[in-house]
Amino acid sequence: MLVELPPSGLIPLLIERLCNMPDPEPRFSGQVLSYDGLQLETTGFPASPGALVHIETQGGLPAEAEIVGFRDGRNLLFLNEPYAPIEAGAKAWLVKGGQEVDVGPALLGRVIDAKGNPLDGGPQPVCEARWPLHGRPLNPLMRTPVDKPLDVGVRVINAALTLGEGQRIGIIAGSGVGKSVLIEMMAREAKADVVIVALIGERAREVGDFSRRLMTGDAARRTCLLAVPADQSPMLRLRGVRRAMSIAEWFRSEGKRVLLILDSLTRVGHAQREIGLALGEQPTAKGYPPSVVAMIPTLLERAGPGLPGQGTITAICTVLADGDDTTNDPMVDTARAILDGHLVLSRRQAQAGIYPAIDVPQSVSRVMGDVTDPQHRAAALHLQQLISSYMDNRDLVMMGGYSAGQDKVLDQAMALWPQIRALISQGRHESSTLAESRAALLALAGTNSAVSLAGQA
């Protein structure tokens, strides 16, 4: 059989092309040494924490895991799909690009999971850029100040606890007090260019209900909803919140005013606790290992204002207070120490039918003094005095143990309570702009009365 050779002139050309071809990227792999349904150990191969690895399964699709560390020359991994059918000696290989995520305007109007896959039945979002999963550090001295108010559409917040663009604030409450309704109201009504909502560790039913209510109409076109329900692995819950933060950082770098809503920070802490305890960390208060305390500031510091010419990320994080304990819970204490304020939801107000059930005297916005005028601040202080006096003495007055005239602040609070209740209450689908909220506050608690009552107190 004769083989026709190429012309002699082509041989040098082929050799030149082969020499100029880029070297193929090495493919690092190893074998599974141990597996307990969630955590794996493999033979050592070059990879850094946060990298993704695929693991061979029994006749099925490869299982996905994330590297969390090293020990005695072996790689430690956590599965994204627990209890996958993995055998001893199964092959594990490194996946390219596991430490970056797709970002871009194509994510707006979409519901995605921790891996960036669509949950809304639509096509895979085609994004134009990539962003590091763990963010890009910013020089804190170069960040722009928080000096502009943010209109969130909720009257009691706009009036008495005004937020600023780039602020990080927590919503602290026990279960069933109205956190989800409040964040839905702010996600729909806030004056932001982009809204990123991360539902981490919540019930699947609540995720579906929240998506159906929020992802409709004009609000959906500027919103990206990222959902990782409670039945997902702790690694996916952590990857989900970091992906949401990366998406928000990219939009901030593009000059956008971003509202990032995280529900909930406590579930993120629970995910890190599961991983830390599995890796052998010693538990401290309420079983939280030190890695949880270290993770929360690292995560929250990624939010806030950007550099000159960039936008802002206003972060609103819900914090679940176990047993309504807002003083001794370690997650509450850690969040309160790093955030720029907190909104405490009162079960007592919720039981009285006051929604949103924000306890104004126990709540604080640490940037309100930088984004409001003196008249606004004086009226907000007066309102806080009135609410505190009424709530502290209501039972005494109802039992007949108080006589009018003994306390002028309490007398005014009792007389104005119907108007105060109207100011701090708001319907689920009602909206109140910052200007309207300020005008209602000044009409109720004018500056002159605030100054005189403050002096008498």
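Residues numbered from 1 in each chain as written. Predicted model: local features only at pLDDT ≥ 70, side-chain atom pairs only at ≥ 80, totals over all residues. Heavy atoms only, no water.

For this particular structure, what's the right way to read the overall build of the protein chain?
Across its full length, the protein chain holds 15 helices and 19 strands. Taken across its 457 residues, the protein chain has 51% of its residues classed as buried. For the protein chain, the share of sequence-separated contacts (at least 6 apart) that also reach a separation of at least 24 residues comes to 73%. Summed over all atoms, the accessible surface of the protein chain reaches about 20700 Å², with 55% contributed by carbon and sulfur. Each charge sign in the protein chain was given a centre, from 44 positive and 49 negative side chains, and these centres are 3 Å apart. (Helix = DSSP H or I, 4+ residues; strand = E, 2+ residues; numbered from the N terminus. Buried < 20%, exposed > 50% of the residue type's maximum accessible area, 1.4 Å probe, protein only. Contact = heavy atoms within 4.5 Å. Areas by Shrake-Rupley, 256 points an atom, 1.4 Å probe, with all protein chains shown as cover. Lys, Arg positive; Asp, Glu negative; His and termini not counted. Charge placed at Lys NZ, Arg CZ, Asp CG, Glu CD.)

Sorry if this is basic, but what is going on with the pattern of salt bridges here?
Note that side chains of opposite charge can pair when their charged atoms are close. On inspection of all chains with the given rule, the structure shows 28 salt bridges. Between glutamate 184 and arginine 213 there is a salt bridge, and its shortest N-O distance comes to 2.8 Å. On the criterion of sequence distance, the pair formed by glutamate 184 in helix H3 (residues 179–189) and arginine 213 in helix H4 (residues 204–214) is long-range, its members being 29 residues apart. Assessed through its relative accessible area of 0%, glutamate 184 is described here as buried. Residues aspartate 218 and arginine 221 are paired through a salt bridge, measuring 2.0 Å at the closest nitrogen-oxygen approach. With aspartate 218 and arginine 221 both in helix H5 (residues 217–221) and three residues apart, this pair spans about one turn of that helix. Sharing partners across several salt bridges, the network here consists of Glu184, Arg188, Glu189, Arg213 and Arg428. (Salt bridge = Lys/Arg side-chain N within 4 Å of Asp/Glu carboxyl O.)

Can you walk me through the packing of helix H6 (residues 234–253) against helix H7 (residues 265–278) in this structure?
Axis angle and axis distance: for two packed helices, these are the angle between their axes and the distance between the axes, and together they describe the pair. Interaxial distance between H6 and H7 falls to 8 Å at its minimum, and their mutual angle equals 135°. In terms of axis orientation, H6 runs oblique to H7. As for the relative orientation of H6 and H7, their crossing is left-handed in sense. Across the interface between the two elements, Pro234, Met235, Arg237, Leu238, Val241 and Arg242 of H6 pack against Arg267, Val268, Ala271, Gln272, Glu274 and Ile275 of H7. Class assignment for the residues of the contact of H6 with H7 results in seven nonpolar, one polar and four charged. (Axes fitted to C-alpha atoms, helices over the stretch in contact; angles between N-to-C directions. Parallel < 35°, antiparallel > 145°, perpendicular 65-115°, else oblique. Left-handed = near helix turned anticlockwise from the far one by under 90°. Nonpolar A, V, L, I, M, F, W, Y, C, P; charged D, E, K, R; others polar.)

For this particular structure, what's the right way to read unusual backbone geometry?
A cis amide bond links aspartate 263 with the next residue in sequence, serine 264, at an omega value of 5°. Backbone geometry at tyrosine 83 places phi at a positive 60°, although glycine is not the residue there. Inspection of the secondary structure puts tyrosine 83 in the loop between strand E5 (74–79) and strand E6 (91–95).

Is there a simple way to think about the confidence of the model for the protein chain in this case?
The predicted structure's coordinates, where accompanied by low pLDDT, should not be read in detail. Of all residues in the protein chain, 92% have pLDDT values of 70 or greater, and the mean over the chain is 89. Segment residues 448–457: pLDDT under 50, and 11 contacts once partners within four positions in sequence are set aside and those in other chains are kept. (pLDDT = per-residue confidence, 0-100.)

For this particular structure, what's the right way to read the layout of surface pockets?
The probe, sized like a water molecule, is rolled over the atoms to show the empty space still left. Its volume calculated, the largest pocket comes out at about 380 Å³. In terms of lining residues, the largest pocket is bounded by 18 residues, among which Gly176, Lys179, Ser180, Arg203 and Glu206 are the most central. Those elements that provide at least two residues to the lining of the largest pocket are H3 and H4. With four residues, H4 is the largest single contributor of residues to the lining of the largest pocket. In this structure, the second largest pocket occupies an estimated 260 Å³ of space. What lines the second largest pocket is a set of 21 residues, and nearest its centre among them are Leu52, Glu100, Lys115, Arg130 and Arg243. (1 Å grid on protein atoms, 1.4 Å probe; cavity = no way out; pocket = protein on both sides within 12 Å on 5 of 7 lines; lining within 4 Å. Points joined across faces, edges and corners; volume = space filled by probe spheres on them.)

What am I meant to see in empty space enclosed by the protein here?
Applying the stated criterion across every chain yields a total of one cavity of 30 Å³ or more. Taken as a whole, the largest cavity spans an internal volume of roughly 40 Å³. Of all elements in the fold, only H6, strand E15 (257–263) and strand E17 (312–320) reach the threshold of two or more residues within the lining of the largest cavity. It is H6 that contributes the most residues to the lining of the largest cavity, three residues altogether. Each residue belonging to the lining of the largest cavity can be placed in one class, and the counts come to eight nonpolar, no polar and no charged.

Would you explain the pairing of strand E13 (residues 194–200) in this entry?
Looking down a regular strand, the side chains alternate between one sheet face and the other. Summarising burial for E13: seven of the seven residues are buried, a large majority. Burial along E13 is two-sided: Val194, Ile196, Ala198 and Ile200 facing one way and Val195, Val197 and Leu199 facing the other are all buried. As defined by bridge partners, E13 adjoins E15 across six bridges and the pair is classed as parallel. Bridge pairing in E15 links leucine 199 to aspartate 263. Where E13 and strand E14 (residues 223–228) come together, six bridges link them in parallel fashion. Paired with isoleucine 196 across the bridge in E14 is cysteine 224. (Pairing = 2+ DSSP bridges.)

Got a minute to help me understand the environment of leucine 38 in this structure?
By the secondary structure assignment, leucine 38 is in the loop between strand E1 (29–35) and strand E2 (39–43). Residue class for leucine 38 comes out partly exposed when judged on its relative accessible area of 23%. C-alpha of leucine 38 to C-alpha of alanine 278: the two residues are 240 residues apart in sequence and 9.3 Å apart in space. With sequence-adjacent residues up to four places away left out, leucine 38 is seen in contact with Leu77, Phe78, Leu79, Pro82 and Pro234.

Explanation requested: the packing of aromatic side chains in the structure shown.
Aromatic ring pairs are reported here in terms of the distance separating the ring centres and the angle at which the planes meet. This structure, assessed with the given rule, holds two aromatic pairs. Pairing tyrosine 390 with tryptophan 417 gives two aromatic rings, centres 3.9 Å apart and planes at 10°, and the pair type is stacked. Here tyrosine 390 is found in helix H12 (residues 374–398), whereas its partner tryptophan 417 is found in helix H13 (residues 408–424), with 27 residues between them in sequence. Given the relative accessible area of 8%, tyrosine 390 is considered buried. Taking relative accessible area as the criterion, tryptophan 417 reaches 10% and is therefore assigned buried. Directly above the ring of tryptophan 131 sits arginine 136, whose terminal nitrogen or CZ lies 4.1 Å from the centroid. In this structure, arginine 273 packs its charged tip against the face of tyrosine 288, placed 4.5 Å from the ring centre. (Phe/Tyr/Trp six-rings, centres within 6.5 Å; stacked < 30°, edge-to-face > 60°. Lys NZ or Arg CZ within 6 Å of the ring centre and 35° of its normal.)

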